[in-house]
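Okay, here's what each chain looks like letter by letter:
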Amino acid sequence: MQLGGFHRGLGWLGLLALMVSGCQTAQKPVSLLPPTSAPALKPTAQTAAVQGSNQDPAPGSPQSGSTAQAQTSTQQNDSSSQSAEQAMVAASQLSPDPVADLIARAEKDYQAGVENYQAGKTEDAKRNFDNALNALLESNFDIRSDERLQKEFDHIVAGVDALYPGGTSADSETAQDAQQEPQQKAEPAPIDETNGMTPSADASTIAKAAAEVKKTHSDLPLMMTDQVAGFISYFSGRGRGVFERAYARSGRYHDMIVATLKQEGVPQDLIYLAQAESGFHPLAVSRAGARGIWQFMSARGRGYGLYHNMWVDDRQDPEKSTRAAAQHLKDLYNQFGDWYLAMAAYNSGPGTVQAAVKRTGYADFWELYRRNVLPKETRNYVPIILAVTIMAKNPSQYGLDSVAMEHPDDTDTVTIDYPVDLRLVAECVNSTAAELQDLNPNLLRLTTPRQGKFAMHLPAGTKDQYETAIADVPPDMRLWWRYHTVLAGDTVASLARTYRVTAKSIEQTNQLDGTDLEAGAKLLIPIAPGKHPQSDNATYARRITRYRVHAGDTVETVAENFGISPQMLRRWNGLRGNSLSGRKVLALHLPITPNSADTQVATSRSKTKRPASGAGPKTEEATTKPPATKSAEIEHLKIAKSTVRGEEAGVVHHKVKSGETLYSIANLYKTTVAALKRDNRNVGVIRPGMILIVQVAR
């Protein structure tokens, strides 16, 4: 069986997802026994299953009584797997420990790949890595069921990931470019939290839910069980916030999703599967690595045309992923003949559900639930979706009428065949990079792909404005150049200093006759490749500041508190990921204004260590934990107390915001413009994003 090489097929991420999902190539469906007559686990007067007249028929739903099959059919299918079992037996006879032999072969190929990589033989290295992982994945052993195989698989994947952050198919120069761009921040997938619970419901909740089911019209089969009632109770109480946020966000995608599901011929109420999975958040990422509104794993997504690289991930494209999810759910229904089993297979993979059905002989979700042959998260998955469906289709009964629903985005779309920085696009259309990322959630970074075409969404009514503005920027400079809106006090010389370009280049690019600039005018700033403006990249002090890690700190929170990038904090401290578990002290360099490269910036310290001459950079110890949140008016660090002119004073960082001036900032802190200039190396012009040092009397 050929799974495809890293650089030719799925890539290592795809292979990992394939292993996790448990799906097998060319799966052969098993014979299914008909559902049991009483699927509800604990039917009572309040929780009796409600079927029939209250439901609209689901597209392609099987007719009652048409699926009866003989037990001998299952036995015949059992024989179809004998060849694989015989192969495993034969392998075990050839070696006393075939697993150890397999690991040895995989490790040998992996080490050969590392050696070839270090020797510059990249293509040979990729083939070695292909062989190592294919040896594990193409074997007759279940990697997940053997701790040794799982450990070896994880070891190889981690090693390849360290060498090829974007997968081995990524061009090395492109990969380096991508690593320098800030990556889009993911959101945790709600399903990770809810499907780990086992909530219960009181009698009144069960009675109310059972009554609602009787009058709820749905193109999915709805029924009430203790498990469904338990999740209704959870979403009505402790999980209310999670439910309401997802319900409000559904307004943004409802019409598009329902129309797509209808076109694909599947129940339109499957929209609530997306609410349970992701809360309709395109940036949702599960612990297992599933992404997007419909939570596709990498390999499964590729099977339905959802591709990703270092710049774009189709799984985060609401329209593309909805189409793929509808097609996948239709395929699962055609395989199992039951929407509950199709949803369960969507969660854990068709192989997992197929094995459970084959083991028990029952093609019925509730029977599989009762027999405990499905993973816990899959057992909870269907009840969660049913609970969400019942509540969402009865908003008045569950107090949802007052929820402010989001509305679909009204956008323009422009198809481009060149890479462009979203910060430049934002300046072209008077928007923000954050808004453009929100309109283009499939973009993983602040730039569009380096190659190929890309359909970029813009705020409604701005397409012509964008095309006019971008035409003045050379195509090969659209990742670097910027537009600058002139502020009062701006001069060509001050802009040249801020953007690290020459005054002459600004004058020539904009065909300026004089040095006077009109406030509100837009100027093109011809930034050389690799020389981003100061607002894009902070300047850091040479002095090392040591920060004591507190309980609850993460890389993201510490970086935010100190106004530095998480990437720099990781680089300075040799960190990976967001956790600071086990770390007691962090070393960092505080950000400073572009004109004060050596200004001693503020820090809370109880002790300053002074190294001997030539002993390296000075260090300071930050002992006061920075504030955990940003002020709406001032983004500052509370730092050490020092004596300034006989007064007890504090030093803070102030991040300049749009529209602020030296005079307005001086008034805010009850200081003077002269003092601000003195403490910031006589800075003359400020721009949004700059960090100013302010001495504040207390």
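Residues numbered from 1 in each chain as written. Predicted model: local features only at pLDDT ≥ 70, side-chain atom pairs only at ≥ 80, totals over all residues. Heavy atoms only, no water.

Draft legend 1. View of the packing of aromatic side chains. Within this structure, the stated rule accounts for 10 aromatic pairs. With a centroid separation of 6.2 Å and an interplanar angle of 85°, the aromatic rings of Tyr340 and Trp366 are classed as edge-to-face. Of this pair, Tyr340 sits in helix H15 (residues 339-348) while Trp366 sits in helix H17 (residues 365-370), and the two are 26 residues apart along the sequence. Using a relative accessible area of 5% as the deciding quantity, one classes Tyr340 as buried. (Phe/Tyr/Trp six-rings, centres within 6.5 Å; stacked < 30°, edge-to-face > 60°. Helix = DSSP H or I, 4+ residues; strand = E, 2+ residues; numbered from the N terminus. Buried < 20%, exposed > 50% of the residue type's maximum accessible area, 1.4 Å probe, protein only.)

Draft legend 2. Examining the nonpolar core more closely. Counting residues in each nonpolar core, the largest one holds 75 residues, and the members touching the most others are Met224, Ile232, Trp294, Tyr346 and Phe365. No other element matches the 10 residues that helix H18 (residues 376-392) contributes to this core. In contact with Phe365, not counting residues within four places along its chain, are Tyr340, Leu341, Ala344, Leu374, Thr378, Arg379, Val382 and Pro383. Within the second largest apolar cluster, 28 residues are counted, among which are Tyr418, Leu424, Val425 and Ala469. (Core = buried A, V, L, I, M, F, W, Y, C linked by side-chain atoms within 4.5 Å. Contact = heavy atoms within 4.5 Å.)

Draft legend 3. View of the side chain of Thr260. Take Thr260: it is sitting in helix H11 (residues 240-263). Ignoring any residue separated from it by four or fewer positions in sequence, one finds Thr260 in contact with Thr322 and Arg323.

Draft legend 4. Fine view of helix H10 (residues 226-236). Most of H10 is tucked away: eight of the 11 residues are buried. Those residues of H10 that sit buried are Gln227, Val228, Ala229, Gly230, Phe231, Ile232, Tyr234 and Phe235. Residues of H10 that are buried sit in contact with helix H8 (190-194), helix H9 (203-214), H11, H17 and H18.

Draft legend 5. Quick look at the environment of Pro474. Relative to the elements of secondary structure, Pro474 occurs in the loop between helix H21 (463-470) and strand S5 (482-485). Given a relative accessible area of 27%, Pro474 falls into the partly exposed group.

Draft legend 6. Spotlight on the pattern of salt bridges. This structure, assessed with the given rule, holds 16 salt bridges. Across the pair Asp313 and Arg315 runs a salt bridge, and its minimum N-O distance is 2.8 Å. Arg371 is the salt-bridge partner of Glu367, the closest N and O atoms lying 2.7 Å from each other. Within this structure, Arg252, Asp409 and Asp438 form a network of salt bridges that share partners. (Salt bridge = Lys/Arg side-chain N within 4 Å of Asp/Glu carboxyl O.)

Draft legend 7. Quick look at the packing of helix H22 (residues 492-499) against helix H23 (residues 503-510). Running from N to C, H22 and H23 cross one another at 110°; their axes reach a closest spacing of 8 Å. Judged by the inter-axis angle, H22 sits roughly perpendicular to H23. Between H22 and H23 lies a crossing whose hand is right-handed. Along its contact with H22, which presents Val492, Leu495 and Ala496, the element H23 presents Ala503, Ile506 and Glu507. Tallied by class, residues from the contact of H22 with H23 come to five nonpolar, no polar and one charged. (Axes fitted to C-alpha atoms, helices over the stretch in contact; angles between N-to-C directions. Parallel < 35°, antiparallel > 145°, perpendicular 65-115°, else oblique. Left-handed = near helix turned anticlockwise from the far one by under 90°. Nonpolar A, V, L, I, M, F, W, Y, C, P; charged D, E, K, R; others polar.)

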